[in-house]
Amino acid sequence: MGSGRHVRDVEVFHTHGQYPSRAVISRSAFEHNLSKARELAGTAEVMAVIKADAYGHGAVPIAQWAIAAGVHWFGIAQLAEAMDVRREIGDGPHILALIAEPGAPFSDAIELGIDLTVSSQAALDEIARAGAENGLAARVHLEVDTGMARGGVQLDQVESIAESLADYQDDGLVEVVGLWSHLACADEPDSPVTAHQVELFEQARSLLAQAGLNPPLVHLAASAGLLWHPQTHYTMVRPGIMLYGLSPNPHVATAHELGLEPVMQLDATVVSVRDVPQGTGVSYGHTAHTATATHLATVPLGYADGIPRAASNAAPVLANGERTPIMGRVCMDQFVIEAPNVCPGDVVTLFGGAPHMPTADEWAEKSGTIGYEIVTRIGVRVPREYADDAANGRK
Ligand SMILES: *Cc1c(COP(=O)(O)O)cnc(C)c1O
């Protein structure tokens, strides 16, 4: 948009239908997790967080499934993503952009009916100016930093920004609809940080009330808050990861223990196999050698597809009903497994939701990361297949 800078359009090499791997996204699992979230939320509104392309599951199809299930609120990180999703899903559901950089296209966002986060006085002034240009009041949610040290207005600035919000609201330039903050340690239920953040959040709320502002939407809890801290539910909750069937912290409770169903299943078609003698070095650097004469199979997914290289010699794959770890290093586009009865053309599963399958959380454990990163990083070139299995009662 006329920034004077030349930005090359990114062309994604789409090979849908021919690519040798796929992420199958289950509607029934998503709907199941959503109803769990709603049950826990009680009377609080559920904002479905669909940032990062719905954690790699595809923001637009996920939003459409959520809308069909009665969701009225979506949270997305970047304003640009929020605008793209709005153009796809149309008017109706509310969309809150959690992040907005200085100079962001606030005017277009207001016209598209995107709710905006106010995280500084400067951002508020820009948003109010954009509202004035459009002759529309921008719907805003004040973000307060209660302990993330990442985004939001610091507590000592809340009083002055509250006055400013009240003035802009009186002038018809903004409508203050929400107050929010984010918890830093909610996935460690014993941490004292959460209670402290709640206290600071309450202080911010009182300061707003003193300025005459009582926004109807007060929101603090993501999945961990929703699951483990009922005192953080307020009038709206913002679950992300649990909707995709993963636990915010499997050390506290696994997805299975929480009654969640993983939504993504990552499959690949074996491209080649070979019989090799004992002591064969496998893949770059020969970090693994075969213990016996055996049969190897090559799986066409690599770190360019988001498979962590840290999963080398560690993460499990389901091949022909058996679990077997990755053997040797993960390459850019492929890796090797030891799998006695596997043939070219057979489908192996890296992770999924069925009881015998490895999970994304197991992959995370083996790769030194979290389930969030495993699913979010599955690359754009891996086709997503939408399994509208609601009617088939997948369980
Ligand atoms: C990512 C995020 C969420 C959702 O977090 P989950 O842990 O995935 O439930 C909610 N609110 C904010 C501000 C976030 O950044």
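This is a predicted model, so every value here is computed, not measured.

## Points about the packing of helix H6 (residues 121-134) against helix H7 (residues 155-170)
- Look at H6 against H7: their axes get within 11 Å of each other, and the N-to-C directions meet at 5°. Comparing their axes, H7 and H6 come out roughly parallel. Contact with H6, carried on its side by Gln121, Leu124, Asp125 and Ala128, involves Ser160, Ile161, Ser164, Leu165 and Tyr168 of H7 and no other residues of that element.
- Classifying every residue of the contact of H6 with H7 by side-chain character gives 5 nonpolar, 3 polar and 1 charged.

## Focus: the pattern of salt bridges
- According to the stated counting rule, one finds 8 salt bridges in the structure shown.
- Between arginine 381 and aspartate 333 there is a salt bridge, and its shortest N-O distance comes to 2.5 Å. Remark: aspartate 333 occurs in the loop between strand E17 (322-327) and strand E18 (335-338) and arginine 381 occurs in the loop between helix H11 (371-376) and strand E20 (384-387); sequence separation between them is 48 residues.
- On the accessibility criterion, aspartate 333 (33% relative accessible area) is partly exposed.
- Between glutamate 373 and arginine 377 there is a salt bridge, with the nearest N and O atoms lying 2.8 Å from each other.
- A single network of salt bridges, built from pairs that share partners, joins Arg27, Glu31 and Asp388.

## Section: the packing of aromatic side chains
- Counted according to the given criterion, the structure contains 7 aromatic pairs.
- Ring centres of phenylalanine 201 and tyrosine 234 lie 5.2 Å apart, and the angle between their planes is 75°; on these two criteria the pair is classed as edge-to-face. Highlighted residues: phenylalanine 201 in helix H8 (residues 193-210) and tyrosine 234 in the loop between helix H9 (223-228) and strand E10 (236-237), separated in sequence by 33 residues. For the pair phenylalanine 201 and tyrosine 234, one class covers both residues: buried.
- Through successive ring pairs, a cluster of aromatic residues spans Phe30, Tyr55, Trp65, Tyr244, Tyr372 and Tyr386.

## So, the side chain of serine 164
- Note on placement: serine 164 falls in helix H7.
- Given a relative accessible area of 14%, serine 164 falls into the buried group.
- Among the polar contacts listed, one links the side chain of serine 164 to the side chain of glutamine 121, at a separation of 2.9 Å.
- In contact with serine 164, other than residues within four places in its own chain, are Gln121 and Leu124.

## Describing helix H3 (residues 59-68)
- The set of residues buried in H3 consists of Ala59, Ile62, Ala63, Trp65 and Ala66. The buried residues of H3 occupy one face: seen down the axis, they fall within an arc of 160°.
- Buried residues along H3 sit against strand E1 (21-26), helix H1 (27-41), helix H2 (51-55), strand E3 (73-78), helix H4 (79-89) and E20.
- Following H3 by one or two positions, glycine 70 adopts a phi angle in the positive range, close to 95°.

## Looking at the environment of leucine 246
- If you trace the backbone, leucine 246 turns up in the loop between E10 and strand E11 (264-269).
- Taking the C-alpha atoms as reference, leucine 246 lies 6.8 Å from glycine 371; in sequence the two are 125 residues apart.
- With residues near it in sequence (within four places) discarded, leucine 246 still touches Ile241, Ala255, Leu260, Ala360, Asp361, Gly371 and Val375.

## Quick look at the site of the ligand
- In the vicinity of the ligand lie 14 residues, with Lys51, Tyr55, Ser223, Ile241 and Tyr372 positioned nearest.
- Measuring from an oxygen atom of the ligand, one finds a side-chain N or O atom of tyrosine 372 at 2.6 Å.
- Here the ligand has 390 Å² of accessible area as a free molecule, and 92% of this is covered by the chains.
- Mapping the ligand onto the cavity grids shows that it belongs to the largest pocket.
- The class makeup of the residues in the shell around the ligand is 8 nonpolar, 3 polar and 3 charged.

## Let's talk about H1
- In a regular helix each residue adds 1.5 Å, so 15 residues correspond to 21 Å; H1 covers 21 Å between its end C-alpha atoms and thus fits that length.
- The set of residues buried in H1 consists of Arg27, Ser28, Ala29, Phe30, Asn33, Leu34, Ala37 and Ala41.
- Structurally, H1 contributes buried residues whose contacts are with E1, strand E2 (45-49), H3, H9, E10 and E20.
- Following H1 by one or two positions, glycine 42 adopts a phi angle in the positive range, close to 60°.

Rules used throughout
Residues numbered from 1 in each chain as written. Predicted model: local features only at pLDDT ≥ 70, side-chain atom pairs only at ≥ 80, totals over all residues. Heavy atoms only, no water. Axes fitted to C-alpha atoms, helices over the stretch in contact; angles between N-to-C directions. Helix = DSSP H or I, 4+ residues; strand = E, 2+ residues; numbered from the N terminus. Parallel < 35°, antiparallel > 145°, perpendicular 65-115°, else oblique. Contact = heavy atoms within 4.5 Å. Nonpolar A, V, L, I, M, F, W, Y, C, P; charged D, E, K, R; others polar. Salt bridge = Lys/Arg side-chain N within 4 Å of Asp/Glu carboxyl O. Buried < 20%, exposed > 50% of the residue type's maximum accessible area, 1.4 Å probe, protein only. Phe/Tyr/Trp six-rings, centres within 6.5 Å; stacked < 30°, edge-to-face > 60°. Polar contact = N/O pair within 3.5 Å; in protein donor to acceptor, adjacent residues only side chain to side chain. Arc of directions from axis to C-beta. Near = heavy atom within 4 Å. Areas by Shrake-Rupley, 256 points an atom, 1.4 Å probe, with all protein chains shown as cover. 1 Å grid on protein atoms, 1.4 Å probe; cavity = no way out; pocket = protein on both sides within 12 Å on 5 of 7 lines; lining within 4 Å. Sits in = over half its atoms within 2 Å of the grid points. Expected span 1.5 Å × (residues − 1).

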